[in-house]
Amino acid sequence: MSIWEYANPVKFIRTADRVLPWLSGAAVICLVTGLIWGFFFTPDDFRQGSTVKIIYLHVPAALMAINAWLMMLVASLIWIVRRHHVSALAARAAAPIGATMTVIALATGAIWGQPMWGTWWAWDPRLTSFLILFLFYLGYMALWEAIENDDTAADLTAILCLVGSVFAILSRYAVNFWNQGLHQGASVMRAGALAGDTEERVSNVFAIPLFVSIAGFVLLFVALVFLRTQTEIRARRARALLARERVA
């Protein structure tokens, strides 16, 4: 069995129908467990107080905002190289989800930052690159809607996705590139933190429910991409049938 078999729209839809209930159920379990555990059963931080608990929304949303764009990049490259329509439609399906995650990350970051930094917004390298990434999401979705021919839209949005990937990477590593700004460096997904460096490590009291919440966001993203890709495949099929009727 080859992975390219799932480029067949019918096979993809059937596979998605089988896995969606399991993905959705696992996502709900992880999200409910992680968020309730994090918000109600973890102590206040000795510096940030209860404000720190927004980490259970902010960090997973920020990770998914970046990785959603990288998933779109991979799907777009597959479209460019192999011309599989399912990959182009999967990239299109992921865009609104990624944009929503970016909005959640920006909003929760502002709520978290106000009591910590004394301001809702700062032109910090990471914050600014994240805002630009959100604008790329909007531009990507607008470009799909503006072009009637699906293949042409897929080609142009794939190019836009390649350009926007620069800001997806900057959003993740901006603090490493520029030693300035208010946003702290990575303290969760970092080698020192995972290796047990006490200077870098997030306490397990906070880290374990955070990882559960991250798992929930990942599963939710995958489930929504499967669901929306199915919708995009059916919508493309409907447009093709309408076009044939007009010609006839």
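Residues numbered from 1 in each chain as written. Predicted model: local features only at pLDDT ≥ 70, side-chain atom pairs only at ≥ 80, totals over all residues. Heavy atoms only, no water.

As recorded in an unreviewed UniProt entry, the protein goes by the name Heme exporter protein C, listed as coming from Pseudoponticoccus marisrubri. Annotation of the protein in UniProt includes, under Sequence similarities (unreviewed entry), the sentence "Belongs to the CcmC/CycZ/HelC family." (UniProt positions renumbered as here; feature names shortened; annotations may be inferred.)

Here the focus is the overall build of the protein. Secondary structure assignment for the protein yields seven helices and zero strands. Across the protein, helices and strands are ordered from the amino to the carboxyl terminus as α-α-α-α-α-α-α. If you sum the accessible surface of the protein, you get close to 13,200 Å²; carbon and sulfur atoms cover 66% of it. (Helix = DSSP H or I, 4+ residues; strand = E, 2+ residues; numbered from the N terminus. Areas by Shrake-Rupley, 256 points an atom, 1.4 Å probe, with all protein chains shown as cover.)

Residues V28, V32, I36, W37, F40, F41 and I208 make up a contiguous nonpolar surface patch of roughly 720 Å² in combined accessible area. Residue placement: V32 occurs in helix α1 (residues 9-40). Judged by relative accessible area, which is 44%, V32 ranks as partly exposed. (Patch = residues over 30% accessible without salt bridge, like charges linked within 9 Å, V, L, I, M, F, W, Y side chains within 5 Å. Salt bridge = Lys/Arg side-chain N within 4 Å of Asp/Glu carboxyl O. Buried < 20%, exposed > 50% of the residue type's maximum accessible area, 1.4 Å probe, protein only.)

Moving on: the confidence of the model for the protein. Averaged over all residues, the pLDDT of the protein equals 85, while 86% of them reach at least 70. Per-element confidence in the protein is highest for α1, whose mean pLDDT is 95, and lowest for helix α6 (residues 191-195), whose mean pLDDT is 41. Scored below 50 in pLDDT, residues 191-199 shows nine contacts in the model against residues more than four places distant or in partner chains. (pLDDT = per-residue confidence, 0-100. Contact = heavy atoms within 4.5 Å.)

For the rest of this paragraph, the subject is helix α2 (residues 55-82). With 28 residues, α2 extends 40 Å between its outermost C-alpha atoms, agreeing within 8% with the 40 Å of an ideal straight helix rising 1.5 Å per residue. Once α2 ends, the next one or two residues include R83, with phi positive near 60°. (Expected span 1.5 Å × (residues − 1).)

Between helix α3 (residues 85-117) and helix α7 (residues 204-247), the least distance of the axes is 8 Å, while the angle of their chain directions is 130°. Classed by the angle they form, the pair α3 and α7 counts as oblique. Taken as a pair, α3 and α7 cross one another with a handedness that is right-handed. Residue-level inspection shows H85, V86, L89, A90, R92, A93, A94, P96, I97 and M101 of α3 in contact with α7, the latter providing F217, F221, L224, V225, R228, T229, E232, I233, R236 and R239. A class-by-class count of the residues in the contact of α3 with α7 yields 13 nonpolar, two polar and five charged. (Axes fitted to C-alpha atoms, helices over the stretch in contact; angles between N-to-C directions. Parallel < 35°, antiparallel > 145°, perpendicular 65-115°, else oblique. Left-handed = near helix turned anticlockwise from the far one by under 90°. Nonpolar A, V, L, I, M, F, W, Y, C, P; charged D, E, K, R; others polar.)

In the UniProt entry, the feature "transmembrane region" (unreviewed entry) is given for residues 20-42, 54-81, 93-113, 125-144, 156-175 and 206-227. For residues 54-81, the end-to-end C-alpha separation is 41 Å, with 96% helix and 0% strand making up the annotated structure. As annotated, residues 206-227 comprises 100% helix and 0% strand, and the C-alpha atoms at either end are separated by 32 Å.

Attention now goes to the nonpolar core. Core analysis: the biggest nonpolar cluster contains 37 residues, and W69, M72, F130, Y137, Y140 and F221 have the highest contact counts within it. At the level of secondary structure, the elements contributing two or more residues to this core comprise α2, α3, α4 (125-146), α5 (150-177) and α7. Sorting elements by how many residues they give to this core places α2 first, with eleven residues. Discounting chain neighbours no more than four positions away, the residues touching W69 are L133, F136, Y137, Y140, L160, C161, G164, S165 and A168. V52, L63, F206 and A207 belong to the second largest nonpolar core, which has twelve residues in total. (Core = buried A, V, L, I, M, F, W, Y, C linked by side-chain atoms within 4.5 Å.)

A separate point is the side chain of R92. Along the polypeptide, R92 turns up in helix α3. The contact partners of R92, leaving out residues within four places of it in the chain, are Y140, W144, E145, D150, R228, E232 and R239.

With that settled, the discussion passes to the packing of α2 against α3. Here α2 crosses α3 at 155°, and the two axes come no closer than 7 Å. By the angle between their directions, the pair α2 and α3 is classed as roughly antiparallel. When the axes of α2 and α3 are compared, the crossing they make is left-handed. Here the residues of the contact of α2 with α3 sort into 21 nonpolar, eight polar and no charged.

Turning our eyes to something else, we now look at unusual backbone geometry. Among all residues save glycine, negative phi is the norm, and among peptide bonds the norm is trans. Here R83, not a glycine, exhibits a phi torsion of approximately 60°, which is positive. Looking at the element boundaries, R83 is found in the loop between α2 and α3. A residue is classified by how much of its surface remains accessible, and R83, at 39% relative accessible area, is partly exposed.

For any two aromatic rings, the description comes down to two numbers: the centre-to-centre distance and the angle of the planes. Per the stated rule, a full pass over the model turns up five aromatic pairs. Ring plane angle 45° and centroid distance 5.6 Å describe the contact between F12 and F226, whose orientation is recorded as tilted. Of the two residues, F12 is situated in helix α1 and F226 in helix α7; the sequence distance between them amounts to 214 residues. In this structure F12 comes out as buried when scored by relative accessible area, which is 11%. Relative to F136, the ring of W69 has its centre 6.2 Å away and its plane inclined at 80°; by these criteria the two rings are edge-to-face. Placement of the pair is W69 in helix α2 and F136 in helix α4, with a sequence separation of 67 residues. Among the residues examined, W69 registers a relative accessible area of 0% and is labelled buried. In textbook terms, an aromatic cluster arises when at least three aromatic residues are bridged by ring pairs, as seen for W69, F136, Y137 and Y140. (Phe/Tyr/Trp six-rings, centres within 6.5 Å; stacked < 30°, edge-to-face > 60°.)

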